[in-house]
Amino acid sequence: MDSVDDDFIDILDDTEDTLGVAAQLPWRLLVVDDDEEVHAATRFALQGIRILGRELMLVHTHSSAQTRELLKEDKDFAVILLDVVMETEDAGLHMIGFIRRDMGMDETRIILR
């Protein structure tokens, strides 16, 4: 082999074929916002998107209380898109404490909006 071949790094294609069963399961995203227009815009912006061969599944809540109830029953979310200002100016910041401390969701990514 010449030096060019020695430097070659084989990168796997992130398709369903190489990812197997995991590629069939969608990434679950929780959208937390009290504004329905934000929910509609998020659905529109993310429709048809695939990440690492997996579709996105959006779950929607419209208040801190509704979000707390949902997360007590279902914590399987890869990402939470979280509105900071809902019932109060810092409702979203308090929600972070609930998600991390009370629910133990340390690996879920939280994106503040």
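Residues numbered from 1 in each chain as written. Predicted model: local features only at pLDDT ≥ 70, side-chain atom pairs only at ≥ 80, totals over all residues. Heavy atoms only, no water.

### A short note on the overall build of the protein
Scanning the protein from N- to C-terminus turns up 5 helices and 5 strands. Along its sequence from the N terminus, the protein presents helices and strands in the succession α-α-β-α-β-β-α-β-α-β. Taking contacts inside the protein between residues at least 6 apart in sequence as the whole, the part at least 24 apart equals 69%. Surface exposure of the protein reaches about 7,500 Å², of which carbon and sulfur atoms provide 55%. (Helix = DSSP H or I, 4+ residues; strand = E, 2+ residues; numbered from the N terminus. Contact = heavy atoms within 4.5 Å. Areas by Shrake-Rupley, 256 points an atom, 1.4 Å probe, with all protein chains shown as cover.)

### Concerning the pattern of salt bridges
Working definition: two side chains of opposite charge can pair if their charged atoms are close together. Inspection of every chain in the model, using the stated rule, returns 5 salt bridges. Of the charged contacts, one joins Asp 74 and Arg 28 as a salt bridge, the two residues approaching to 2.8 Å between their closest N and O atoms. Placement of Asp 74 in the loop between helix H4 (64-73) and strand S4 (79-82) and of Arg 28 in strand S1 (residues 27-32) is noted, with a sequence separation of 46 residues between them. Its salt-bridge partner being Glu 55, residue Arg 50 comes within 3.3 Å of it at the nearest N-O pair. With relative accessibility at 47%, the residue Glu 55 sits in the partly exposed group. (Salt bridge = Lys/Arg side-chain N within 4 Å of Asp/Glu carboxyl O. Buried < 20%, exposed > 50% of the residue type's maximum accessible area, 1.4 Å probe, protein only.)

### Quick notes on unusual backbone geometry
Unusually for a residue other than glycine, Leu 52 sits at a positive phi of about 50 degrees. Examined against the element boundaries, Leu 52 turns out to sit in the loop between strand S2 (50-51) and strand S3 (54-61). The class of Leu 52 is partly exposed, set by a relative accessible area of 43%.

### Brief notes about the nonpolar core
Grouped together as the largest cluster of nonpolar side chains are 14 residues, with contacts concentrated most on Leu 30, Leu 71 and Ile 80. The contact partners of Leu 30, leaving out residues within four places of it in the chain, are Val 59, His 60, Thr 61, Thr 67, Leu 70, Leu 71, Phe 77, Val 79, Ile 80 and Leu 81. Of all hydrophobic cores here, the second largest spans 5 residues; its members include Leu 29, Val 31, Leu 56 and Val 79. (Core = buried A, V, L, I, M, F, W, Y, C linked by side-chain atoms within 4.5 Å.)

### With respect to a negative patch on the surface
A contiguous patch of negative charge on the surface is contributed by Asp 34, Asp 35, Glu 37 and Glu 87. By relative accessible area, Glu 87 is classed as partly exposed at 47%. (Patch = residues over 30% accessible without salt bridge, like charges linked within 9 Å, V, L, I, M, F, W, Y side chains within 5 Å. Lys, Arg positive; Asp, Glu negative; His and termini not counted. Charge placed at Lys NZ, Arg CZ, Asp CG, Glu CD.)

### With respect to a nonpolar patch on the surface
The grouping of Ile 49, Ile 51 and Leu 52 at the surface amounts to a nonpolar patch, some 230 Å² of accessible area in total. Relative to the elements of secondary structure, Ile 51 occurs in strand S2. Judged by its relative accessible area of 41%, Ile 51 falls in the partly exposed class.

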